[in-house]
Amino acid sequence: MIPGKETQVGNSETPKEKYGNFALFDIEHFLRRILKNWYWFVFMFLIGYGTSWVYSKYYAQNVYSSDLSLSISNNTSSYFSPNQSINFIWGQGGNQDGVYLKKMLFSRSHNEFLVKELNLFVNYSTKGLIKSTFLDKDDSPVFVEIDKKHLQQVNYPFTIIPKGNGTYEVVLPEEGQSVSLYSYENEGFQNIKPYNRPENKIIRVNEWYNSPNLRFKLIQNPVIPNIKQDNIIINLSTINQSVTDIVSTIAVNFDREINTIMVITKKGYNLNSTVNFLNKSVAELQKKRLEDKNTVNKNTTAYLQGNLNDIRKKLDSAALVLNYLKTSEKLYNIKDRDEKSLEKIKDLEAKKADLVSKISSLNNIKNTLQSQNFDKMIATNAAGFEDGMFSASVSELKALYTKRRELALIYKTTSEPMKEVDRLINEARTGSFGSLKNYYTKYYDEINRIDREVSSANSDLTTYPEKERKYLDAERGYNMIEATYNSLLNRQNEAQLNVATNQSDISVIDPAKNLGQGPVSPNVRIAKTGIIFGMLLLPVLFILMGELLDNKIRNIKELLSATKIPLLGVIGNNSNENMLTVLEQPKSSVSEAFRGIRASVRFLMTNEEKKGKVILITSSVGGEGKTYVSINLASVLGLSDKKTILLGMDLRKPKIFGDFKIDNKYGISNYLTGEVDIDQIVNKTRIPNLDVATSGPIPPNPSELLMSQRNIKFIEELREKYDFIIIDSPPVGLVADSYELMKYSDANIYVVRHEYTEKYMLRMITEKYHNNEIEHLGLIYNDYTTKQGYGYGYGYGYGYGYGYFDEDKNYKEPLLIRIRNKMQRMFNKK
């Protein structure tokens, strides 16, 4: 049976529109191409590995990290370091002191102080053959001290090269000098007149280097660095740039078990730099916190003492009034006193007095903010609240006002720097006054509530006589003033205790240290994997792109699935120089494949009564092997004692005569025009039963000749003389001649060439076949090659390597097959 014959027309379950549609992507062929191009993957792997090694060794900038842990005590009472409960959950607003410290660590004022104190705007590095390495200040044999009164060019890396005996050569970049220079005093840029590039110069330690865009001197490092540097690259940056870079590398976290422990992390290109920065940062923070606490507590004590003096006078006056009423009016023993209501009123008015005192402290804080006299600031607990966010905003506001005063000496009020600092001040003021407003609202709401309750309690005292009510009012006034006095006195005692016992509420648990920590980034392993994977992905992408753009037939199974046309046989690659494979290599696998096709083609012929069977062979375009198939199919038929004639009816492109060494002077075109008889165009071959009629000269009207009645009679006449008439017809993808000739043929063969025929070319022949416009059609798959060594993969050849065909003597098994066979022999040994 012909493979695929059972799937042809008549299967109503398969939609006709699906015929001729091939899959966009052939996964099997894609994987085969990947295996075929394995050497590219090995090559790209080596390139990727080499690239990743060079990257990790010469280009990757290692980032280091150091940590410092500290404890925040809960005995703070000053304005700038608010007291909070030890039990808090970060992120839920419980640890206001932690919020304040975190904001301080990230604040511009704190980091700007460190940048200026440690000269962190001077960056040190050294360069090897390829890679630059960042240095800590202490790793350099000399320090650079700039003249802050002189304009300096920033982001202009210059090199210092040791020359011995305390001398160094200053090498400036070949280009890049700018007329826009930076002032470290004013923290702004100024323009100067154009200048030529300064020449390189050798200077000694403590000698000033002068140029239009730089002025500095070298200070000898008192500690000799462990590693000798051949060059030191110095790069200056602006204060703002340095602060921004530092803040971006700081992280603050809190211990989950003990929430008062803070862990500060600093990342940088040099481990020593991160260690020194963290230790200096916390030391300055401790110092500043202690100074702020002492200042605020002293201010609070003085403020409370002033209020106590005023309240004391009011208390003495109220006592005199009360004593007068007792002695003159004899009202000290009022009968039937409602002690319950009086005690309630006393408690309520004591609370009101405390709230009034807190509002007075709020007014003091508000007035201090408005007057910008931060040195007179009192503690927020004097106003009855603790708010770390408010304290942090006030601290930032204080720094901004200081900054504004400095900028006012340089810039006009309408300049951009002044506008920016004013904007920041407004934001900080809005936040600060917004917090105060919330406390005002809270206190006044509470006072109104107390007044309502007092009014309700007073209604029970309306039955007392006028004199007695006068005494009760005087007693209530005295009690209220006394409660205020006692409240202020308690706060003063607390403030005085804080002044006497003050110490920094920040204690370092583990300082930052250089313990030889390895870099935290980049992850070299991931980087190497990414580079190697990327290199390996390139050939995959190229193969995938080629696969998606490739529209050629490469898969026999897909061909049959898409066309549903029977397959007559598979022809292997022709290694012979001419097309007479069956005659020249009768024992080859290709010759055997043609013998199989000879047997299969008979299944296409339904009318066995006709004497001569006409077999038409065509293809989509030229070059697919239809002439090759025609010659060899005719040869195997002639060798099987069947009288056969091969007709070269591709009048536009004659070919057959060359292989049979026949003169093409007269041929079918001459016969169809009536110039010669049949006997003059039929040529004998060395196969007794095979004759050949060549095309002859190319006529001007080949289509008309092939469709003429003379050609039809010519074919019918040949049926009487021959058992098989093989017609080598024109390609159907170029002209329609073959479709007309198929009406007179008994079998039609369509040649498809492996990795040559385009998929879209088969759509027309497939549609005509399934629309019953063409009958008795079969496919031949030509020029199929395989690398496995097991034939052609569809059961139409015996394959190589078994000593059966001629080509087996030159056959060499592929490497993978040899390895597999060797492994099988090893494991099969007994």
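Residues numbered from 1 in each chain as written. Predicted model: local features only at pLDDT ≥ 70, side-chain atom pairs only at ≥ 80, totals over all residues. Heavy atoms only, no water.

A. Structural detail: the overall build of the protein. Within the protein one finds 23 helices and 23 strands. Counting only residues that meet the buried cut, the protein has 46% of its 830 residues in that class. Pairs at least 24 residues apart make up 79% of the contacts formed inside the protein by residues separated by at least 6 positions. As displayed, the protein offers around 43,300 Å² of accessible surface, 52% of which is attributable to carbon and sulfur atoms. (Helix = DSSP H or I, 4+ residues; strand = E, 2+ residues; numbered from the N terminus. Buried < 20%, exposed > 50% of the residue type's maximum accessible area, 1.4 Å probe, protein only. Contact = heavy atoms within 4.5 Å. Areas by Shrake-Rupley, 256 points an atom, 1.4 Å probe, with all protein chains shown as cover.)

B. Summary view of the confidence of the model for the protein. Residue-level pLDDT values for the protein average 80, and 83% of them are 70 or greater. Here residues 787-804 is modelled with pLDDT under 50, and outside its nearest four sequence neighbours on either side it reaches 49 contacts, counting other chains as well. (pLDDT = per-residue confidence, 0-100.)

C. Just the sheet that holds strand β10 (residues 208-211), in detail. The antiparallel open sheet is built from three strands, whose spatial order is β4-β11-β10. What marks the edges here is a single partner per strand, and that holds for β4 (142-146) and β10. Ignoring strand direction, the axes of neighbouring strands in this sheet form an average angle of 25°. When β4 meets strand β11 (residues 214-220), the two strands line up antiparallel, connected through five bridges. Note on β11: the bridge partner recorded for Val-142 is Gln-220. (Pairing = 2+ DSSP bridges. Axes fitted to C-alpha atoms, helices over the stretch in contact; angles between N-to-C directions.)

D. Representation of helix α15 (residues 626-639) in the model. Between its first and last C-alpha, α15 extends 20 Å over 14 residues, near the 20 Å set by a 1.5 Å rise per residue. A large share of α15 lies buried, amounting to 13 of its 14 residues. Downstream of α15 by a residue or two, Asp-641 has a phi angle that is positive, lying close to 65°. (Expected span 1.5 Å × (residues − 1).)

E. A look at the environment of Ile-227. One can find Ile-227 in the loop between β11 and β12 (232-236). The class for Ile-227 is exposed, based on a relative accessible area of 58%. For Ile-227 and Pro-141, which are 86 residues apart along the polypeptide, the C-alpha to C-alpha distance reads 9.4 Å.

F. Region of interest: the pattern of salt bridges. One pass over the structure, following the stated rule, counts 27 salt bridges. Linking Arg-449 and Glu-446 is a salt bridge whose minimum nitrogen-to-oxygen distance equals 2.4 Å. Of this pair, Arg-449 and Glu-446 both sit in helix α9 (residues 416-458), three residues apart, roughly one helical turn. Judged by relative accessible area, Glu-446 falls into the partly exposed class, the value being 28%. Linked by salt bridges that have partners in common, Arg-108, Glu-112, Lys-116 and Glu-187 make up one network. (Salt bridge = Lys/Arg side-chain N within 4 Å of Asp/Glu carboxyl O.)

G. Quick look at the nonpolar core. Core analysis: the biggest nonpolar cluster contains 51 residues, and Val-144, Phe-216, Ile-234, Met-262 and Ile-264 have the highest contact counts within it. For this core, the leading source of residues is helix α6 (residues 271-328), giving five residues. Once residues lying within four places of it in the same chain are set aside, the contact partners of Val-144 are Val-122, Tyr-124, Ile-160, Phe-216, Lys-217, Leu-218 and Ile-234. With 44 residues, the next largest nonpolar core counts Val-570, Tyr-671, Val-676 and Tyr-722 among its residues. (Core = buried A, V, L, I, M, F, W, Y, C linked by side-chain atoms within 4.5 Å.)

H. Expanded view of helix α11 (residues 524-549). Look at α11: 37 Å from first C-alpha to last across 26 residues, which is about the 38 Å you get at 1.5 Å a residue. Here α11 has its buried residues at Ile-532, Met-535, Pro-539, Ile-543 and Glu-547. Residues of α11 that are buried make contact with α1 (27-36) and α2 (38-59).

I. View of the packing of aromatic side chains. Per the stated rule, a full pass over the model turns up 14 aromatic pairs. Centroid distance Phe-121 to Tyr-184: 4.6 Å. Interplanar angle 35°. Geometry classified as tilted. Of this pair, Phe-121 sits in the loop between α4 (108-118) and β2 (122-127) while Tyr-184 sits in the loop between β7 (180-183) and β8 (188-191); the two residues are 63 residues apart in sequence, bridging distant segments of the chain. Note on accessibility: Phe-121 and Tyr-184 belong to one class, buried. The structure contains a cluster of three or more aromatic residues connected by ring pairs, namely Trp-38, Tyr-39, Trp-40 and Phe-43. Here the basic side chain of Lys-266 rests over the ring of Phe-277, its NZ or CZ set 5.5 Å away from the ring centre. We note Arg-753 situated over the ring of Tyr-756; from NZ or CZ to the ring centre the distance is 4.9 Å. (Phe/Tyr/Trp six-rings, centres within 6.5 Å; stacked < 30°, edge-to-face > 60°. Lys NZ or Arg CZ within 6 Å of the ring centre and 35° of its normal.)

J. Highlighting the environment of Ser-132. By secondary structure assignment, the location of Ser-132 is in strand β3 (residues 132-135). A relative accessible area of 25% places Ser-132 in the partly exposed class. Apart from residues no more than four positions distant in its own chain, Ser-132 is found in contact with Gln-61, Thr-126 and Lys-127.

K. Fine view of the environment of Ile-219. The topology assignment puts Ile-219 in strand β11. On a C-alpha basis, the gap between Ile-219 and Asn-206 in space is 5.7 Å, while along the polypeptide they are 13 residues apart.

L. Local environment of unusual backbone geometry. Despite not being glycine, Asn-155 has its phi angle at roughly 55°, a positive value. Take Asn-155: it is sitting in the loop between β4 and β5 (158-164). Residue classification places Asn-155 among the partly exposed residues on the basis of a relative accessible area of 44%. In this structure, Lys-564 takes a positive phi of about 55° despite not being glycine. Mapping Lys-564 onto the fold places it in the loop between α12 (556-563) and β16 (567-572).

M. Inspection of the sheet that holds β3 at higher detail. Pairing is antiparallel across the open sheet formed by six strands, whose spatial order is β3-β2-β12-β5-β6-β9. One side of each edge strand has no neighbouring strand; the edge strands of this open sheet are β3 and β9 (201-204). Recorded for the sheet is a direction-independent mean angle of 35° between the axes of neighbouring strands. When β5 meets strand β6 (residues 167-171), the two strands line up antiparallel, connected through five bridges. Paired with Ile-161 across the strands is Glu-169, a residue of β6.

N. Up close: the pairing of β3. The sheet contact formed by β2 and β3 spans four bridges and is antiparallel. What sits directly across from Thr-126, in β3, is Thr-133. From the end of β2 to the start of β3, which pair antiparallel, there are four residues.

O. Region of interest: the side chain of Ser-669. Topologically, Ser-669 is positioned in helix α17 (residues 668-672). The buried category is assigned to Ser-669, whose relative accessible area is 4%. Sequence-distant contacts of Ser-669, that is, excluding residues within four places in its chain, are made with Leu-651, Ser-695, Gly-696, Pro-697, Pro-699 and Leu-705.

P. Region of interest: a nonpolar patch on the surface. Together, Trp-38, Tyr-39, Trp-40, Val-42, Phe-43, Phe-45, Leu-46, Ile-47, Tyr-49 and Trp-53 make up a nonpolar patch on the protein surface, roughly 1,100 Å² of accessible area in all. By the element assignment, Tyr-49 lies in helix α2. Its relative accessible area of 45% is what places Tyr-49 among the partly exposed residues. (Patch = residues over 30% accessible without salt bridge, like charges linked within 9 Å, V, L, I, M, F, W, Y side chains within 5 Å.)

Q. Broad picture of the packing of helix α14 (residues 589-600) against α15. At a minimum axis separation of 9 Å, α14 and α15 run at an interaxial angle of 75°. Viewed along their axes, α14 and α15 adopt a mutual orientation that is roughly perpendicular. Counting all contacts with α14, which are made through Val-590, Phe-594, Arg-595, Ile-597 and Arg-598, the residues of α15 involved are Tyr-628, Val-629, Asn-632, Leu-633, Val-636 and Leu-637. Residues that form the contact of α14 with α15 fall into these classes: eight nonpolar, one polar and two charged. (Parallel < 35°, antiparallel > 145°, perpendicular 65-115°, else oblique. Nonpolar A, V, L, I, M, F, W, Y, C, P; charged D, E, K, R; others polar.)

R. The packing of α1 against α2, seen in detail. At a minimum axis separation of 4 Å, α1 and α2 run at an interaxial angle of 60°. With respect to each other, α1 and α2 are oriented oblique. Taken together, the residues of α2 that come into contact with α1 (itself represented by Ile-34, Leu-35 and Lys-36) are Trp-38, Tyr-39 and Phe-41.

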